[in-house]
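Coordinates in review
The chain contents come next:
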Amino acid sequence: MKPNSSGCLIPLILMVLLGLASVRRVYTPADVELGLKYLEDVERFNAVFPDHFEEITGMGLFWGNESWKSSAIVYDRYVVSMCFDLHIRMFGFGSFRLKKNSIVVVSISEARMHSTLGMFLDHKKALKFESFPEDIRLDELLKMADMEPIMDQPVDGIDEHVEG
């Protein structure tokens, strides 16, 4: 009688599937470029905040919990960030590769200097939108957050701390 070789394949297949499920996707500058080009919320945010920076974070691949974050430093004192969940298809190109999966959260934080801690960000307000408002101005966004901006007291080195 021949030994059953399929009994060895099942554990091997399970190990391969578990290994694939734990793989983290590496995001490339090309993914960010596609987001800058095809995601309407990103285009709107960047129209209001021309000096911005972006990042994609998350598990990716099978987990599918990627996030897009665009941020801008305003008046060298505030950090305005827009975040939303994102799905990146493994196979696809252009606008077919990226899809926004959630509401947009805009958070505004104020940089402060502490005598011993150095610079830190004090979270002020989070605003939720179905999509980033079209043709909104910075002062309108701050007004929605019940903030009266301080424009003449910059925090030295904020860009080094935030953009890291």
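The structure this text deals with has already been given above.
Throughout, a residue's number is its position along its own chain's written sequence, starting from 1. It should be noted that, the model being predicted, local features are given only for residues of pLDDT at least 70 and side-chain atom pairs only at 80 or more, the latter also being counted only at that level, while totals for whole chains, interfaces and linings use all residues. Processing note: side-chain calculations cover all non-hydrogen atoms of the structure and skip hydrogens and water entirely.

So, on to the overall build of the protein chain. Put simply, DSSP marks the helices as runs of H or I at least four residues long and the strands as runs of E at least two long, and each gets a number from the N terminus on. In terms of helices and strands, the protein chain carries five helices and six strands. Three labels apply to residues, based on accessible area from a 1.4 Å probe with only protein chains included: buried if under 20% of the type maximum, exposed if over 50%, partly exposed otherwise in between. Split into buried and exposed, the 164 residues of the protein chain put 34% on the buried side. What makes two residues a contact is simply this: any of their non-hydrogen atoms within 4.5 Å. Excluding contacts between residues fewer than 6 apart, the proportion of contacts in the protein chain whose partners are at least 24 apart in sequence is 52%. Of the roughly 10600 Å² of accessible surface on the protein chain, a fraction of 58% belongs to carbon and sulfur atoms. Accessible areas in this description were obtained via Shrake-Rupley with a 1.4 Å probe; residue shielding takes into account the shown protein chains only.

Take unusual backbone geometry next. Of note in the backbone geometry, Tyr75 takes a positive phi value of approximately 55 degrees without being a glycine. With relative accessibility at 31%, the residue Tyr75 sits in the partly exposed group. Positive phi is not limited to glycine here, since Asp76 has a value of about 50 degrees. Assignment of secondary structure puts Asp76 in the loop between strand S2 (66-74) and strand S3 (78-88).

In this structure, Arg77 sits in the loop between S2 and S3. Setting aside chain neighbours within four positions, we find Arg77 in contact with Ser109, Glu110, Ala111, Ile150, Gln153, Val155 and Ile158.

What goes into a patch is any residue over 30% in relative accessible area without a salt bridge, connected to like charges within 9 Å or, for nonpolar side chains (Val, Leu, Ile, Met, Phe, Trp, Tyr), within 5 Å. Think of a salt bridge as a Lys or Arg side-chain nitrogen and an Asp or Glu carboxyl oxygen that are within 4 Å of each other. Only four residue types enter the charge count, namely Lys and Arg as positive and Asp and Glu as negative; His and the chain termini do not. By convention, charge coordinates are those of NZ in Lys, CZ in Arg, CG in Asp, or CD in Glu. Among the surface-exposed residues, Asp51, Asp76, Asp156, Asp159 and Glu160 lie close enough to one another that they form a single negatively charged patch. Tracing the backbone through its elements, the reader meets Asp51 in the loop between helix H3 (40-48) and strand S1 (52-57). For Asp51, a relative accessible area of 61% puts it in the exposed group.

Take the pattern of salt bridges next. All told, the structure shown has seven salt bridges when counted by the stated rule. Glu40 serves as the salt-bridge partner of Arg44, at 3.6 Å between the closest nitrogen and oxygen. A residue pair is termed a helical-turn pair when its members lie 3 or 4 positions apart in one helix, as Arg44 and Glu40 do in helix H3 at four residues. Salt bridges linked by common partners bring Glu40, Arg44 and Glu134 together as one network.

Here we come to the nonpolar core. When a protein is soluble and globular, its nonpolar side chains tend to lie buried together. To qualify as a nonpolar core, a set must consist of buried Ala, Val, Leu, Ile, Met, Phe, Trp, Tyr and Cys residues joined through side-chain atoms within 4.5 Å. Residues Phe49, Trp68, Met82, Phe132 and Leu141 are the most contacted members of the largest nonpolar core, which totals 30 residues. Taken together, the elements giving at least two residues each to this core come down to helix H2 (29-38), H3, S2, S3, strand S5 (104-114), strand S6 (118-129) and helix H4 (138-144). If you tally residues by element for this core, the top one is S3, at six residues. Aside from chain neighbours lying at most four places away, what touches Leu141 is Phe49, Val80, Val106, Ile108, Leu127, Phe129, Phe132 and Ile136.

Here we take up the environment of Tyr78. Position of Tyr78 relative to the elements: it lies in strand S3. Given the relative accessible area of 2%, Tyr78 is considered buried. Only 2.8 Å separates the side chain of Tyr78 from the backbone nitrogen of Ile150, close enough to count as a polar contact. In protein, a polar contact requires one atom able to donate a hydrogen and another able to accept it; more generally it is a pair of N or O atoms within 3.5 Å, and residues adjacent in sequence count only if both atoms are side-chain atoms.

Okay, a nonpolar patch on the surface next. A cluster of nonpolar side chains, Leu9, Leu12 and Ile13, forms an exposed patch at the surface whose accessible area comes to about 280 Å². Of note, Leu12 is situated in helix H1 (residues 6-21).

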